[in-house]
Amino acid sequence: MLTRREFFRESAAVALGLSGCTWRFWEATPSLVNDIHSQLNPTRVARVVRAESPEGLQGLVRSARAEGNGLSIAGGRHAMGGQQFGTDTILVDMTGMRRVLRFDAGRGEIEVEAGIQWPELIDYLVQEQRGRARQWGIAQKQTGADRLSVGGALAANIHGRGLRLKPFIADVESFVLVDAAGTPRTCDRRQNAELFRLAIGGYGLFGIIASVTLRLGLRRRLERVVEVIPVEDLMPAFEKRMADGFLFGDFQYSTDVASDDFLRRGVFSCYRPVDENTPIPEGQKEFSKEDWDRLLYLSHADKKRAFEEYSAYYLSTSGQVYWSDTHQLSVYIDDYHQGLDRRLGAPGRATEMITEIYVPRNALARFLEDVRQDFRQNRVNLIYGTIRLIERDDESFLAWAREPYACVIFNLDVVHSPQGLERSGQAFRRLIDLAIRYGGSYYLTYHRFATRKQLETCYPQFAEFLRLKRKHDPEERFQSDWYRHYKAMFADVL
Ligand SMILES: Cc1cc2nc3c(=O)[nH]c(=O)nc-3n(C[C@H](O)[C@H](O)[C@H](O)COP(=O)(O)OP(=O)(O)OC[C@H]3O[C@@H](n4cnc5c(N)ncnc54)[C@H](O)[C@@H]3O)c2cc1C
């Protein structure tokens, strides 16, 4: 990653069109790359190489080894802590490896190249099984964006809005990893089991995932049921929904800081299986791209109206029927903030940055009261946020779901100035401290503002994780600025 001074210089150059190389892929010359959502990770890489085949990946690792080059690995480029980029490394762009390799409709498994993104994978399954009585679909994907890769999902050990689901590791049967020697290794719960536990949630530091075999779930028709409820009723409401057989759900809370509803009231939408013959009518109500655009504007300019419009829309869709896989897709507008900045007359650039905080479920309402006070006191600009559930992950090494948590997502507006970044960093650190107060934790994929103390409290195994990285990759072939940051932070114990 660039130094702070370089960052502002490069950002200005990009804004003025001077750099001109931000998204030129597959070049032999240095490129400036950045993440999609926050755009706070501009990184100069030595070159970008587009992976095309497993053999190509092996050759790439071997030649990087022979020439002493570091490799970083990118899928959809949505991580926000610099995990997918390493300054002066060769960036392996996985978007060219997107084939479906094998679909086993008997076992409900699919093997895909790791660069495939969710819309293509879902579309393949829908088309391939059209007209079949029993159909398979993905179990879960991220919410809020779709063009994320399966390799990126595995490397972060992601989750969606399942009510009783564990993180993504539970959906992975096996994967093929090209290791630091350039050797392909099949990793599952029996073969190379240590690598299986480390690479899932290991942020690309153990090798390049070439392909993944996923466990699918049966495609079901689901009815959406929507209510607007206070946060103190949320946990009992989730319990009731689960007892009634609902499979998915989340709670989108009010961000209207001036209102008594702020972080106290939200739209509770859950999905329950219905009879397999229930029709999914054409022309069900659906937000268009323009609607989402307007909502994004309101979420910055008029939060009260944003919540009113969002609630009214969601309530009006209660009773609609969806497929269990395609209902997880959502609209994401690339670069939406540039237009917003213009429309809002913002004095400088800004984007949103996300954080996800985990708290024991019985502490949720108290935690949110603390956040409410903190955000009001410190004038934190909260744009949107959701609450979901997660089950405990007892498999991955760097497990973030240490217990069945409530997961609270906060999308904060971050102004791209030294003061703006400092203020946001402080807000993210205070949120982690509030979570720790209740025995909670936070997600590593979104930023790297946490202090060492916070990291060690939430991930006591982190130093060991870094040691195991060196055990499997002694020459540190697989690099990222995220890794370099933590290696420096933990230098005294490594
Ligand atoms: C708007 C938005 C919404 C999101 N919603 C959710 C959500 O609902 N739930 C959730 O859990 N997360 C969510 N995320 C976080 C996101 O899922 C993770 O950051 C994920 O890793 C991004 O995947 P990607 O394909 O964009 O990967 P990248 O950002 O390109 O890479 C992420 C990590 O994966 C590694 N990687 C990618 N491909 C490979 C490969 N083939 N082999 C080895 N390593 C690889 C990279 O090196 C890097 O460490 C969201 C992020 C955004 C910006």
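In the block above lies the structure referred to throughout.
Residues numbered from 1 in each chain as written. Predicted model: local features only at pLDDT ≥ 70, side-chain atom pairs only at ≥ 80, totals over all residues. Heavy atoms only, no water.

### Structural notes on the packing of helix H7 (residues 289-301) against helix H8 (residues 303-316)
Step number 1: Packing of H7 against H8 leaves a shortest axis separation of 6 Å and a crossing angle of 145 degrees. Contacts from Trp-292, Arg-294, Leu-295, Leu-298, Ser-299 and Ala-301 of H7 reach H8 at Lys-303, Arg-305, Ala-306, Glu-309 and Tyr-310.
Step number 2: Grouping the constituent residues of the contact of H7 with H8 by class yields six nonpolar, one polar and four charged. (Axes fitted to C-alpha atoms, helices over the stretch in contact; angles between N-to-C directions. Helix = DSSP H or I, 4+ residues; strand = E, 2+ residues; numbered from the N terminus. Contact = heavy atoms within 4.5 Å. Nonpolar A, V, L, I, M, F, W, Y, C, P; charged D, E, K, R; others polar.)

### Details of the pattern of salt bridges
Step number 1: Evaluation of the coordinates by the stated rule reveals 40 salt bridges.
Step number 2: The partner of Arg-147 in a salt bridge is Asp-334, and the shortest N-O contact between them spans 2.7 Å. Of this pair, Arg-147 sits in the loop between strand S8 (136-137) and helix H4 (150-156) while Asp-334 sits in the loop between strand S16 (321-323) and helix H9 (336-344), and the two are 187 residues apart along the sequence.
Step number 3: On the basis of relative accessibility, which here comes to 42%, the residue Arg-147 falls in the partly exposed class.
Step number 4: Note on Asp-334: relative accessible area 39%, which makes it partly exposed.
Step number 5: For Asp-291, the salt bridge goes to Arg-294, with nearest N and O atoms at 3.3 Å. Taken together, the residues Asp-291 and Arg-294, both in helix H7 and three residues apart, mark about one turn of the helix.
Step number 6: Among the charged side chains, a network of salt bridges with common partners joins Asp-260, Arg-264, Glu-369 and Arg-372. (Salt bridge = Lys/Arg side-chain N within 4 Å of Asp/Glu carboxyl O. Buried < 20%, exposed > 50% of the residue type's maximum accessible area, 1.4 Å probe, protein only.)

### Overview of the packing of aromatic side chains
Step number 1: All told, the structure shown has 27 aromatic pairs when counted by the stated rule.
Step number 2: Judged by centre distance (6.1 Å) and plane angle (75 degrees), the rings of Tyr-271 and Tyr-322 are edge-to-face. With Tyr-271 in strand S15 (residues 265-273) and Tyr-322 in strand S16, this residue pair connects regions lying 51 residues apart in the sequence.
Step number 3: Pairing Phe-375 with Phe-410 gives two aromatic rings, centres 5.7 Å apart and planes at 65 degrees, and the pair type is edge-to-face. In this pair, Phe-375 sits in helix H10 (residues 364-378) while Phe-410 sits in strand S19 (residues 405-415), placing the two residues 35 residues apart along the sequence.
Step number 4: The exposure class assigned to Phe-410 is buried, which follows from its relative accessible area of 0%.
Step number 5: The cationic tip of Arg-241 hangs over the ring face of Phe-246; the distance from NZ or CZ to the ring centre is 4.8 Å.
Step number 6: It is Arg-343 that lies over the ring of Tyr-297; its NZ or CZ is 3.8 Å from the centre. (Phe/Tyr/Trp six-rings, centres within 6.5 Å; stacked < 30°, edge-to-face > 60°. Lys NZ or Arg CZ within 6 Å of the ring centre and 35° of its normal.)

### Remarks on the sheet that holds strand S13 (residues 221-230)
Adjacent strands of a sheet form backbone hydrogen bonds with each other and so pair up, either parallel or antiparallel.
Step number 1: Strand order in the open sheet formed by eight strands is S16-S13-S15-S14-S18-S19-S17-S20, with antiparallel pairing between adjacent strands. Each having just a single partner strand, S16 and strand S20 (441-442) make up the two edges of the open sheet.
Step number 2: Relative to S15, S13 runs antiparallel, the two sharing nine bridges. For Val-228, the partnering residue across the bridge sits in S15 and is Val-267.
Step number 3: In the packing of H9 onto the sheet, the strands contacted are strand S17 (350-360) and S19, and the crossing angle to S17 comes to about 115 degrees. (Pairing = 2+ DSSP bridges.)

### Remarks on the environment of Ala-399
Step number 1: Within the fold, Ala-399 resides in the loop between strand S18 (382-389) and S19.
Step number 2: C-alpha of Ala-399 to C-alpha of Arg-220: the two residues are 179 residues apart in sequence and 29 Å apart in space.
Step number 3: Among all residues touching Ala-399, those that are not within four sequence positions of it are Asp-393, Tyr-459 and Gln-461.

### Some details on unusual backbone geometry
Peptide bonds are trans in most cases, and residues, glycine excluded, mostly fall at negative phi.
Step number 1: With phi around 65 degrees, Arg-77 is a residue other than glycine that occupies positive phi space.
Step number 2: Checked against the element boundaries, Arg-77 lands in the loop between strand S4 (71-74) and strand S5 (90-93).
Step number 3: Taking the relative accessible area as the measure of exposure, Arg-77 reaches 5% and is therefore buried.
Step number 4: Although it is not a glycine, Leu-263 sits at a positive phi angle of roughly 60 degrees.
Step number 5: Mapped onto the secondary structure, Leu-263 falls in the loop between strand S14 (248-253) and S15.
Step number 6: We classify Leu-263 as buried; its relative accessible area is 0%.

### Concerning the nonpolar core
Step number 1: Counting 130 residues, the largest nonpolar core has Leu-121, Phe-175, Phe-367, Phe-410, Phe-462 and Phe-465 as the members making the most contacts within it.
Step number 2: With near-sequence residues (within four places) excluded, Phe-367 lies in contact with Ile-357, Val-359, Val-408, Phe-410, Leu-431, Leu-434, Ala-435 and Tyr-438. (Core = buried A, V, L, I, M, F, W, Y, C linked by side-chain atoms within 4.5 Å.)

### Some details on helix H11 (residues 418-437)
Step number 1: Between its terminal C-alpha atoms H11 stretches 29 Å, which fits the 28 Å expected from 20 residues at 1.5 Å a residue.
Step number 2: Taken together, the buried positions of H11 are occupied by Gly-420, Leu-421, Ser-424, Gly-425, Ala-427, Phe-428, Leu-431, Ile-432, Leu-434 and Ala-435.
Step number 3: Downstream of H11 by one or two residues, Gly-439 has phi in the positive range, about 80 degrees. (Expected span 1.5 Å × (residues − 1).)

### Here's the deal with the sheet that holds S4
Step number 1: Taken in spatial order, the three strands line up as S3-S5-S4 in an open sheet, and their pairing is parallel. Two strands bound the open sheet, and with one partner strand each, they are strand S3 (47-50) and S4. Geometrically, the sheet is characterised by an average inter-axis angle of 30 degrees between neighbouring strands, direction not taken into account.
Step number 2: One ladder, built from four bridges, connects S4 with S5; its direction is parallel. Bridge pairing in S5 links Ile-73 to Val-92.
Step number 3: Most of the contacts of helix H2 (residues 54-67) go to S4, to which it runs at about 150 degrees, and overall it touches S3, S4 and S5.

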